[in-house]
Each structure stands twice: as structure tokens, then as C-alpha cells.
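In case you want the letters, here they are:
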Amino acid sequence: MRRFLGRRWMSTSTVGWWDNVGPAPKDPLLSITEAFLADNHPEKINLGVGAYRDDEGKPIVLQCVRDAEARIAGTEYLESLSRQGSLKLVMESVKLAYGENSGIVKEGKFAGVQAISGTGACRLFAELQRRFQPDSRIYLPVPTWSNHHNIWRDAQVPQRTFQYYNPASKGIHFAALMDDIKNAPNRSFFLLHPCAHNPTGIDPTDEQWREISYLFKVKNHFPFFDMAYQGFASGDLKKDAQAIHIFLDDGHLIGCAQSFAKTMGLYGQRVGCLSVLCVDKNQATAVKSQLQHIARAMYSNPPVHGALLVSTILGDPGLKSMWVKEVKVMSDRLMKMRNALRVNLENLGSALTWEHITNQVGMFWYSGLNPEQVDRLRNEFHIYMTHDGRISMAGVTTGNVDYLANAIHEVTKSG
Ligand code: IK2
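Residues numbered from 1 in each chain as written. Predicted model: local features only at pLDDT ≥ 70, side-chain atom pairs only at ≥ 80, totals over all residues. Heavy atoms only, no water.

Peer 1: Tell me about the site of the ligand, and name the residues and values.
Peer 2: Near the ligand you find 18 residues, and of these Ser117, Thr119, Asp226, Tyr229 and Ser259 are the closest. Between a nitrogen atom of the ligand and a side-chain N or O atom of Trp145, the distance comes to 3.2 Å. The side chain of Arg390 places a nitrogen or oxygen atom 2.9 Å from an oxygen atom of the ligand. In isolation the ligand exposes 500 Å². Once the protein is present, 93% of that is buried. Looking at the shell around the ligand, the element that brings in the most residues is helix α5 (residues 117-132), giving three residues. Looking at the shell around the ligand residue by residue, the classes come out as six nonpolar, eight polar and four charged. Per-domain counts for the shell around the ligand show at least three residues from each of domain 1 (26-60 + 332-411) and domain 2 (81-315). (Near = heavy atom within 4 Å. Polar contact = N/O pair within 3.5 Å; in protein donor to acceptor, adjacent residues only side chain to side chain. Areas by Shrake-Rupley, 256 points an atom, 1.4 Å probe, with all protein chains shown as cover. Helix = DSSP H or I, 4+ residues; strand = E, 2+ residues; numbered from the N terminus. Nonpolar A, V, L, I, M, F, W, Y, C, P; charged D, E, K, R; others polar. Domains from an automatic or database assignment.)

Peer 1: How would you summarise the pairing of strand β5 (residues 138-142) if you had to cite specific residues and measurements?
Peer 2: Burial analysis of β5 places four of its five residues in the buried class, the great majority of the element. Both β5 and strand β6 (residues 159-163) contribute to a ladder of five bridges, which runs parallel. When the sheet's bridge partners are listed, Leu140 is paired in β6 with Thr161. Each parallel crossover has a hand, and the one from β5 via helix α6 (residues 146-154) to β6 is right-handed. Judged from the two bridges that link them, β5 and strand β9 (residues 189-192) form a sheet pairing that is parallel. Considered in β9, the bridge of Ile138 is made with Phe189. (Buried < 20%, exposed > 50% of the residue type's maximum accessible area, 1.4 Å probe, protein only. Pairing = 2+ DSSP bridges. Right-handed = clockwise from strand over helix to strand, strands pointing away.)

Peer 1: Kindly report on helix α3 (residues 87-98), identifying the contributing residues and their values.
Peer 2: For α3, built from twelve residues, the straight-helix expectation of 16 Å at 1.5 Å per residue is met to within 8% by its first-to-last C-alpha distance of 16 Å. By the burial criterion, the buried members of α3 are Leu89, Val90, Glu92, Ser93, Val94, Leu96, Ala97 and Tyr98. The first or second residue beyond α3 is Gly99, which carries a positive phi of 105 degrees. (Expected span 1.5 Å × (residues − 1).)

Peer 1: Account for the state of the cysteines, with residues named and values stated.
Peer 2: Working definition of a disulfide: a covalent bond connecting the sulfur atoms of two cysteines. Considering all chains together, one arrives at zero disulfides under this definition. Of all cysteine sulfurs, the one in Cys256 lies closest to Cys195, which takes part in no disulfide; the gap is 9.5 Å. Among the residues examined, Cys195 registers a relative accessible area of 3% and is labelled buried. We note that Cys273 lacks a disulfide partner, and the nearest cysteine sulfur, in Cys256, lies 7.7 Å from it. (Disulfide = S-S within 2.5 Å.)

Peer 1: Which residues make up the domain arrangement of the chain, and what values do they have?
Peer 2: Segmenting the chain into domains produces domain 1 (26-60 + 332-411) and domain 2 (81-315). Put simply, the middle of domain 1 and the middle of domain 2, counted by C-alpha atoms, are 28 Å apart. Contacts between domain 1 and domain 2 engage 17 residues on the former and 17 residues on the latter. A buried area of about 1,400 Å², summed over both sides, lies between domain 1 and domain 2, and 61% of it is on carbon and sulfur atoms. For domain 1, the biggest contributors to the area lost against domain 2 are Val361, Phe364 and Tyr366; these three give 36% of the whole. Linking domain 1 to domain 2 there are zero salt bridges. At the boundary of domain 1 with domain 2, the tally comes to four residue pairs in polar contact (both at pLDDT 80 or more). Of all the secondary structure elements, the ones that give two or more residues to the side of domain 1 that touches domain 2 are α1 (28-38) and β13 (364-366). Its residues assigned to classes, the side of domain 1 that touches domain 2 shows nine nonpolar, six polar and two charged. (Contact = heavy atoms within 4.5 Å. Buried area = accessible area lost by both parts, 1.4 Å probe. Salt bridge = Lys/Arg side-chain N within 4 Å of Asp/Glu carboxyl O.)

Peer 1: I'd love a proper account of the pattern of salt bridges, names of residues and values included.
Peer 2: Across all of its chains, the model carries 16 salt bridges by this definition. Measuring nitrogen to oxygen at the nearest pair gives 2.8 Å for the salt bridge that ties Asp316 to Arg71. Placement of Asp316 in the loop between α12 (305-315) and α13 (317-347) and of Arg71 in helix α2 (residues 63-72) is noted, with a sequence separation of 245 residues between them. Classification of Asp316 as partly exposed rests on a relative accessible area of 22%. Given a relative accessible area of 44%, Arg71 falls into the partly exposed group. For Lys320, the salt bridge identified is with Glu100, shortest N-O distance 3.2 Å.

Peer 1: Please set out the nonpolar core residue by residue, giving values where relevant.
Peer 2: Counting 92 residues, the largest nonpolar core has Tyr98, Trp323, Leu341, Ile383 and Ile408 as the members making the most contacts within it. Two domains each donate at least three residues to this core, and these are domain 1 (26-60 + 332-411) and domain 2 (81-315). Excluding residues within four positions of it along the chain, Trp323 makes contact with Leu62, Cys64, Leu96, Leu237, Thr263, Met264, Ile313 and Leu314. Counting residues in hydrophobic clusters, the runner-up holds 28 residues, among them Ala155, Leu191, Val276 and Leu291. (Core = buried A, V, L, I, M, F, W, Y, C linked by side-chain atoms within 4.5 Å.)

Peer 1: Outline the packing of aromatic side chains, listing residues and values.
Peer 2: If you walk through the whole model with that rule in mind, you get 19 aromatic pairs. With 4.2 Å between their ring centres and 15 degrees between their planes, Phe125 and Phe224 make a pair best called stacked. Of this pair, Phe125 sits in helix α5 while Phe224 is found in strand β10 (residues 222-227), placing the two residues 99 residues apart along the sequence. Like Phe224, Phe125 is buried. Ring geometry for Tyr139 versus Phe190: centroids 4.7 Å apart, planes at 15 degrees, classification stacked. Separated by 51 residues along the polypeptide, Tyr139 in strand β5 and Phe190 in strand β9 bring together distant segments of the chain. The pair formed by Tyr139 and Phe190 is uniform in burial state, with each residue classed as buried. Ring pairing ties together the aromatic residues Tyr139, Phe162, Phe190, Trp209, Phe216, Phe225 and Phe247, which thus form one cluster. In this structure, Lys44 is placed above the aromatic ring of Phe36, and the distance from its NZ or CZ to the ring centre is 4.3 Å. (Phe/Tyr/Trp six-rings, centres within 6.5 Å; stacked < 30°, edge-to-face > 60°. Lys NZ or Arg CZ within 6 Å of the ring centre and 35° of its normal.)

Written out as C-alpha cells, the structure is:
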């Protein structure tokens, strides 16, 4: 319809501002949960998203978190944190990654800021990389957490890959990995998972880390550690930071993203830390100010509550030792389920070998199931997982492990 508006005839039909917008591609992890929720089968199992569940299949709140909640109740001022976030959270986080007595921490030779969990820490770093190393690329392992690709893509940092997993051995492809590190141009940026690699559950041995670290020195590469699962690989927080210590001993200036989503069960609180080691305090001050500057335009300042929880737990010896024990309980349960699944499959008389279930560590089992087998598990047995055959061991319980083993045996019998 046309109407006379003021001095001119104008069309009054609605003009769509977003007619050119189609739906975004579905996130592979989130769409599994959607499909799982829509399924009414009583024995359905969600092995998709990597979020810890207890042996009843329920999300948990750690006791240390409950106690910290009680302590901070009513004490917090709901003022904004500065753009660096909670200083206490940053100090406690870096001590966890680099060690209580780390010289770097004591001498203040790091730029550290609170981040919006592990994702936000990676994103801040990717932005820093693009701004101050504009000709650089990021090398990501094959495979890696799928969101790493999105994060560096949106930060407009070109991506390359390096080999990590060997489908034949269902272990690390160490020779190929070393070749790719060697063949990358000097001063390249590499993303490394220091422990409980997602999705493969395979970590280099200490000896292999030493070789990687040495080669990084020779090539002058930058190691960026994304540590989302400290404590989940071995049940021991210090042991799981060993790769970082090996690099520190070799004098690397590393970057490190930390997340408290899994390790403290604070998924929704979005608490993390980004730290970047620098040659001296002046450089650290400058880098930190740039990170704050980047955060200012993205979200201004990070949220308070989760940071208070984490810093209260890490800053109190009693709560911290309670947390250390609770991490071990979670890690032990995952390992117990690995053992149970393997034993079940072997007892079913499967002709295949299943030792990779227990050789791999952390939250994920990279099963080697092919997409057709994954589809059969979903369609015939109501068992949900990513198409690459990654299984979140957190979804396996004493109650469903028999059903799962039977189903896996059924779909792998002929192949
Ligand atoms: N880095 C890695 C390696 C991660 O695995 C994650 C979390 N991924 O979890 C979902 C899944 O793979 O099922 C992160 C970073 C980001 O964690 P967050 O931002 O939740 O702290």
C-alpha cells in the first residue's frame, strides 16, 4: 500500500532488514543435546557434551563451591570489577598453572586477566595475536576442540593445522607432529592442550613434551596452552601442569588459557584466566593494558560472582584441599567407567581391541567408531555422541555401562 506521508508518497509495506540472513550452521555439540532431549526412549544416553555428571548421571555442585558460597554470601559488593577482573583470581590461577613458587609469578613477569571462562581466554589471546603479530598464523592440532577454529576465525587469524592423532594406533602421531612443528615457519604460534586433550584423550608423555619443547626453542615458536581440564587427566593438579613446567624450564614465554568450568563444575559462571608471560615487568604491564583494552570493547569487565567463588576456594588452604580431593573423585570416576566399559566389551567376546579406552585419559574417549556406527548407536540404541566417535565418559554410569557396551559390541561386530 502507498500512503501520502508529508510531501511524498511512500510505501508502507514492511521492509525486512535481515532478509539476507540465513540460519547459522548448527554447533555440532549443542545440536546433540537438542536431539537427545527430544528423544523419549527410557534408556537414552547423552555422550555428547563434555560436562561432568555423577554416577547417577546428574550434574553436581562441589562441596568446596557450596562452602565458598556460604562464605561469600552477603559479603560481596555488587560493584563492577576492573577490566583486569579479580586480581586475586588471576594470582591464584597463575599459581595453579605455573606453580606456587614460580619465579615468573613472584617477579610479576606476566600479563594476567580474568576471562570469560576458557573460551573467552582463547578469544582474548586470538585478538592480541592479530593486533600485535598481524602476519602470524595459529597452528591447531588435528583434531582439536571444534570451537578453536571458530575463535581464531572470528579473530581473523589465519589457521594452519599440525598432525596429532594417528587413527591406526589410536594414539599420538608423534613423528608427524614433530615434522609439522619443524616444517612450520620460524616464530609460528601453536595451540597445545597441556592435559586431557579434547577430543582424543591422548597426551604426549613427559619425554615427548621435552622433545616438543626443545624443537619449539630451535624454531622460536610460540606455545599457547589451552588448559580446560587441569586435574582431569591424572587426578593430580600438579601432574597435569607438567607440560607447562617443562616449557618453563626451557625458558619459553608462553600463553595460557585456564577454565574453571569443568574443574570446579562452574559451567554457567564463566570463570577463567588468560596469562601471557613477558620478558620483564614493563612488557607485562603493557601487554596487560592491551588485554584490558580489548576486553573493554568486547564486554567491558568480567562478572564478579564466579571469580569470588574460585578465588575464595583457591585462596583458602582448607577449601583448596577439599577441592583437590573433589577433582580426584571426578577424575577417578571417569577412569573407573573406562575400565568398566573396556572389561564389558572384552567379556562380550569382541574380537576388536579396546585398550585405547583405558590408555586415553580425561573426559573423552576417542573411540574410533565410524560415522555409520555412530548413526546406528543413535538410531537403534538412542545413544548420542559426536559424529567423529568422541564419547564423553562423563555420561557413562554404573547403571548404563552394560547397555552401552552391548550397543557398541552390536555395531562393531561386523566391522
Ligand atoms: N578449551 C578446550 C580444550 C575445551 O574442551 C573447552 C570446553 N569444551 O567443552 C565442550 C565439549 O567439548 O564438549 C574450552 C576450551 C572452553 O571451555 P569454557 O569456555 O566452557 O571454559
